[in-house]
Amino acid sequence: MGAEAWARIAGATAAGDAGFRARLDQLEATQRSLLRRLVEANPATVFGGDHNFANIASAESFRDLVPICDYEALSPYINRVVAGEENVLTAEPVRFIEQTGGSSGGAKYIPYTDTGLQAYTDCLYPWMSELIRRRPGVAQGHSYFALSPVGRGASERVGARRLGSPVPFAYFGALRDSLIQVSAVPMDLRLLSDFAEWQRQTCLHLLAAEDLSLIWVWSPTYLTEILRAMQRDAESLLPELADRLGAVRPADVVRRRIAALEGALGSSQLSAIWPRLDTISCWTDASSSGFAAALQAQFRHVFIQSKGLMSTEAAVSFPYGDGSGCILASQSGFFEFVDDSGANYFAWQLEAGLTYRLIVTTGSGLYRYDTQDMVEVTGFTGDTPRLRFSGRIGMVSDLCGEKLTEAFVVRSLAEAGLDHHTYSLLVAVATPHPHYRLFVETGPGPAVEVLGGGLDHALKANPQYEYARRIGQLGPLRTTGVDDLYGRLKRHRMKGGTSIAGMKAPVLLTRSDAALLAALGADKEDA
């Protein structure tokens, strides 16, 4: 059954691969045609009317008539979509709303249309086709795709809209049924509302899948937490697994499997859990690079494949072809790029070696949307650029996909009851386990621990932060009271050679190291 499903997947994705490959040296024509279709489909929408879509005749006039906008600028339109109004951003019906983090309000709602979903399918098919061709081992067993947030009910709604796709593997179009057949974990597990139960059942199904060949996750920390749970709970998981396997497999086969798992889970080399595991697909760039490297150390013979730049808002790039970086998903959206001077470029005008801020226009109704993502052009395949994600502009902390902005942290501190006269600093800590640490200037006021609990609660208005905390990707927020907090920070920066002339007191630090944490007094508390 699994071999037949993989054969169907290989056959269905081959056509998408051929179509994408054929246009790798036709970037300008591809991009102009895609934009023309999006504009011509939506002149009668509220947004199209407000921005004179009827008079847009080219990419250049689109750039002139439609301003670059962030989520806050689009939110009046998106709020109307969430409320149930049609024909606001797209003439095409909205199928569902996805939720992500990153705005000053902590949550963003992104509408999805059929065209918007097809944009993901249009790059996932060539990705999967080439992966099977280059790594045939991925099609020799079961797979694990972590696609949907855990604990989301099948009928959950936001406003008048469905929250999330009603079906699994929505991004993969017609491959849905075949992918379900090769999945090591039943689809209904995602509906479990109790996280501990979801995690335990996921661990049991994955441990049972001796032939697991492909793992597809967003953040590498997602997989790290599942592995951590397997090792932590091995004493209770393995007897239960033995009972399950014993009902369907010979006793000697079960004994060998359990013995292999005992050895693997008791060591730092986890490859024996899945001896046929060929590929782990996950983020590998920017803040995810260290976590991906840690996975590689645990699975030395497994291919760790960069996922490229795919987000809730847009499919931008994916692993494909030869060369560094990932290929631009030129058939999945219209892309513009802004350099350090503020100059704007179309995708066919980019230069290798330069870094740009990414602007996207999508079939789901994001027009000239400023993603705040920075990408480096690493080269070209045909005339299509290859990109590497290099981080986000501004003060944004993104350990596990939560994208906490400084503005949101400031608001959350106020909600937690912190007196604005008391200096406080939230620091992202990547190792040994990702978490946030709140440093608070000691003095009169609520106990530091109470403030920390209130802040953790307030930060959970960001759905990605709440999700990462709930599934263990982010550890508990820790709090430290510090005497002369700002002075310690200044002295640390001066010691590192940084001028403090004009230095502002930050509220959020997106990176930390042992020296910084020691300077702020965390080492004394940890001891």
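Our structure's up above, just so we're on the same page.
Everything quoted here is computed from the prediction, not taken from an experiment.

Draft legend 1. Geometry of the overall build of the chain. Looking only at helices and strands, the chain has 18 helices and 21 strands in total. Relative to the globule expectation of 24 Å for 527 residues, the C-alpha radius of gyration of the chain, 24 Å, shows essentially globular dimensions. If you line up the chain on its principal axes, its C-alpha atoms span 70 × 65 × 45 Å. For the chain, buried positions account for 53% of its 527 residues.

Draft legend 2. The arrangement of the pattern of salt bridges in detail. Evaluation of the coordinates by the stated rule reveals 27 salt bridges. Put simply, Arg200 and Glu240 hold a salt bridge, and the shortest N to O gap is 2.9 Å. Placement of Arg200 in helix α8 (residues 195-208) and of Glu240 in helix α10 (residues 234-246) is noted, with a sequence separation of 40 residues between them. The closest approach of N and O atoms between Glu466 and Arg470, which form a salt bridge, is 2.9 Å.

Draft legend 3. Local environment of the packing of aromatic side chains. Inspection of every chain in the model, using the stated rule, returns 28 aromatic pairs. Centre to centre, the rings of Phe169 and Phe172 are 5.9 Å apart; their planes meet at 75°, and the pair counts as edge-to-face. Lying over the aromatic face of Trp216, Lys307 brings its terminal NZ or CZ to 3.5 Å of the ring centre. Stacked on the ring of Trp218, the Lys or Arg Lys307 has its end atom at 5.7 Å from the ring centre.

Draft legend 4. Inspection of the environment of Ala292 at higher detail. Mapped onto the elements of the fold, Ala292 is located in helix α12 (residues 289-298). Along the sequence, Ala292 and Val338 sit 46 residues apart, while their C-alpha atoms lie 29 Å from each other. Beyond its immediate chain neighbours, meaning those up to four positions away, Ala292 contacts Pro220, Cys282, Trp283 and Thr284.

Draft legend 5. Seen up close, the sheet that holds strand β21 (residues 508-509). One open sheet holds the four strands; their spatial order is β20-β19-β18-β21, and the pairing between them is mixed. For this open sheet the edge positions go to β20 (478-482) and β21, each flanked by a neighbour on one side alone. Note: strand β18 (residues 424-429) against β21, two bridges, orientation parallel. Residue pairing for β21: Leu426 is matched across the bridge by Leu508.

Draft legend 6. Spotlight on the layout of surface pockets. Counted as a void, the largest pocket has a volume near 1000 Å³. Taken together, 50 residues form the lining of the largest pocket, with Thr100, Trp218, Thr312, Gly401 and Gln464 sitting closest to its centre. Secondary structure elements with two or more residues in the lining of the largest pocket: β1 (96-100), β2 (108-112), β4 (157-158), β14 (369-381), β15 (384-392) and α15 (463-470). Residue composition of the lining of the largest pocket, by class: 22 nonpolar, 15 polar and 13 charged. Size it by volume and the second largest pocket reaches roughly 640 Å³. Along the wall of the second largest pocket there are 31 residues; nearest its centre are Ser287, Phe291, Asp398, Leu399 and Ala430. It is α12 that contributes the most residues to the lining of the second largest pocket, five residues altogether. Counted by class, the lining of the second largest pocket contains 13 nonpolar, 13 polar and five charged residues.

About the thresholds
- Residues numbered from 1 in each chain as written.
- Predicted model: local features only at pLDDT ≥ 70, side-chain atom pairs only at ≥ 80, totals over all residues.
- Heavy atoms only, no water.
- Helix = DSSP H or I, 4+ residues; strand = E, 2+ residues; numbered from the N terminus.
- Rg over C-alpha atoms; globule rule 2.2 N^0.38 Å.
- Buried < 20%, exposed > 50% of the residue type's maximum accessible area, 1.4 Å probe, protein only.
- Salt bridge = Lys/Arg side-chain N within 4 Å of Asp/Glu carboxyl O.
- Phe/Tyr/Trp six-rings, centres within 6.5 Å; stacked < 30°, edge-to-face > 60°.
- Lys NZ or Arg CZ within 6 Å of the ring centre and 35° of its normal.
- Contact = heavy atoms within 4.5 Å.
- Pairing = 2+ DSSP bridges.
- 1 Å grid on protein atoms, 1.4 Å probe; cavity = no way out; pocket = protein on both sides within 12 Å on 5 of 7 lines; lining within 4 Å.
- Points joined across faces, edges and corners; volume = space filled by probe spheres on them.
- Nonpolar A, V, L, I, M, F, W, Y, C, P; charged D, E, K, R; others polar.

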